[in-house]
Amino acid sequence: MHEMSIAMAVVGQVEEAARAGAASAVRRVELQVGELAGVVPDSLAFCFELACAGTVLEGAELVTRSVTASARCADCAGAWAVGMPPDLCCPVCGRATEVELLTGRELRILNVTWEDAPAADSCREPISEEA
Amino acid sequence: MCRVVDLQQAVLAKNDGAARALRAELASRGTTVVNLLSSPGSGKTALLERELSLARERGVPVAALTADLATENDARRLARSGVPVKQVLTDGLCHLEAPMLGRHLDGWLPEGTRLLFVENVGNLVCPASYDLGEALRVVLASVTEGEDKPLKYPTAFGLAQLVVVTKTDIAEAVEFDEAAFRANVQRVNPGVEVLLTSVRADQGVGLLLDRALAVGSGTRAHAPVMAHQRHEGDHHGHGHGHEHGPGHTHDHDHDHDHDDHDHHGQDHGPGHGRPDPAVAQTR
Ligand SMILES: Nc1nc2c(ncn2[C@@H]2O[C@H](COP(=O)(O)OP(=O)(O)OP(=O)(O)O)[C@@H](O)[C@H]2O)c(=O)[nH]1
Ligand SMILES: [Mg+2]
Ligand SMILES: [Zn+2]
Ligand SMILES: [Zn+2]
């Protein structure tokens, strides 16, 4: 079950960023998951909860934004949702020599919501991340 | 106080980075890695045993590393070929990861090895997401598994640079529909080559070795559509000039570090549509 490995990778990366940003607790993690990323969101959510236990992410909410897989054919300029299971041959010209995947393989952490450590109090608005 | 931090990090960035480094390092040593993926029992070890023996007969320096959850059986079988073999026990992990492979190669992989075959854990789901630094990714399926395997495991088959059908000696008995299988493969991975093999009937034995050697000497491996997602930055006029390998699953996944212009010059996975300096040196 590699959703556990994926969940642990997410937690590890967020932990690192949280440490660098001196966060005291992580509340929410937003993840982008493409249809063709090979990850089952429900299973990931389950593993995420386990992976967060005992870390600065304990109790954090996981929000997954799914991305529909789409492709484009340069031969006839058509674009289509490839579906699941995916069809990567062009539905218009039937060819696949010039097919390009546009979306669907995403697996990335978009943003994280955390509490700043008390020392760095006051609600600083600018959100840009230094690390 | 609560704040939202825009992280924008690929989840598998660490593995992908390690895979790129490993690919470059091995290429500089003249070693080409072949990553073999299939369901449990598809016949990876059986075919590999034959390919390794053949390589030895022909005087081609090869080695094999096999990963399993438990037992050293596969390594014992492969070692009969007489080439260097290493067993990796993954301790419950259902796939190999690049840093792990790198550690196992350290101090073991003999100098001058031209081909390193890696038999991944028998599993068609998880190993598909992890680039191991291979130059050729091979997905195997036996005739007993059903023609719709490619549709049920689109990520695995969609990222394959070579598909190998095994156990064709029993194809008739299980009414394997070769045309349907090929059509399903083409649907998720247009243009990928499909080889038919049987170690029992001696069909197609040696083809895998040939294909691997060809890639090692610079023949471009198949570039799966699924392995090359259009780069987010493409419309800005940068981000071209590199493509990603099948294991390089998440195209835009270098850590963005808020600087999107840093992507050039990185070596990416196999299956490039364009020359990759790191891979091109492979002999
Ligand atoms: N009839 C027939 N049986 C085969 C062939 N190749 C392998 N087998 C049998 O299939 C079974 C599994 O083969 P393995 O080589 O162990 O398969 P594997 O993919 O390495 O299995 P795991 O490492 O456990 O995932 C064994 O009983 C083999 O004898 C073949 O070409 N024809
Ligand atoms: Mg085996
Ligand atoms: Zn798994
Ligand atoms: Zn078209």
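Residues numbered from 1 in each chain as written. Chains lettered and ligands numbered in written order. Predicted model: local features only at pLDDT ≥ 70, side-chain atom pairs only at ≥ 80, totals over all residues. Heavy atoms only, no water.

A. Main features of the nonpolar core. By size, the foremost hydrophobic cluster in this structure holds 31 residues, and its most contacted members are Val14, Val26, Val29, Phe48, Leu57 and Ile109 of chain A. Of all the secondary-structure elements, those providing two or more residues to this core are helix 1 (2–20), strand 1 (23–34), helix 2 (41–52) and strand 6 (107–116) of chain A together with strand 1 (2–10) of chain B. Per element, the largest residue contribution to this core is 7 residues, and it comes from helix 1 of chain A. Ranked by size, the runner-up nonpolar core spans 27 residues in total, among them Val62, Leu78, Leu115 and Leu208 of chain B. (Core = buried A, V, L, I, M, F, W, Y, C linked by side-chain atoms within 4.5 Å. Buried < 20%, exposed > 50% of the residue type's maximum accessible area, 1.4 Å probe, protein only. Helix = DSSP H or I, 4+ residues; strand = E, 2+ residues; numbered from the N terminus.)

B. How the structure looks around the UniProt feature "binding site: Ni(2+)" (unreviewed entry) in chain A. According to UniProt, the positions carrying the feature "binding site: Ni(2+)" (unreviewed entry) are His2 of chain A. With respect to the helices, strands and loops of the structure, His2 of chain A is situated in helix 1. If we ignore the near neighbours within four places in the chain, the residues touching His2 of chain A are Gly38 and Val39 of chain A together with Cys94, His95, Val125, Cys126, Ser129 and Tyr130 of chain B. (UniProt positions renumbered as here; feature names shortened; annotations may be inferred. Contact = heavy atoms within 4.5 Å.)

C. Seen up close, the site of ligand 1. Residues and elements named next belong to chain B. Around ligand 1 sit 19 residues in total, of which Lys44, Thr45, Ala46, Arg77 and Asp169 are the nearest. Measuring from an oxygen atom of ligand 1, one finds a backbone N or O atom of Gly43 at 3.0 Å. Bound to the protein, ligand 1 loses 76% of the 650 Å² it would expose on its own. For the shell around ligand 1, the element with the most residues is helix 2 (residues 44–57), which contributes 3 residues. Taken together, the residues that form the shell around ligand 1 break down as 3 nonpolar, 8 polar and 8 charged. (Near = heavy atom within 4 Å. Polar contact = N/O pair within 3.5 Å; in protein donor to acceptor, adjacent residues only side chain to side chain. Areas by Shrake-Rupley, 256 points an atom, 1.4 Å probe, with all protein chains shown as cover. Nonpolar A, V, L, I, M, F, W, Y, C, P; charged D, E, K, R; others polar.)

D. Highlighting the coordination of the zinc ion (ligand 4). All names here are of chain A. Taken together, Cys73 (SG), Cys76 (SG), Cys90 (SG) and Cys93 (SG) make up the full set of protein donors to the zinc ion (ligand 4), lying 2.3 to 2.4 Å away. Around the zinc ion (ligand 4), the 4 donor atoms sit at angles spanning 99 to 125°, and that spread fits a shape best called tetrahedral. Look at where the donors of the zinc ion (ligand 4) fall in the sequence and you get C-x2-C-x13-C-x2-C. Taken as a pair, Cys73 in strand 3 (residues 70–73) and Cys93 in the loop between strand 4 (78–81) and strand 5 (99–103) lie far apart in primary sequence, 20 residues in all. (Donors = N, O, S within 2.8 Å, 3.2 Å for Na, K, Ca; no water. Tetrahedral: all angles 85-135°; square planar, octahedral: opposite > 155°, others 65-115°.)

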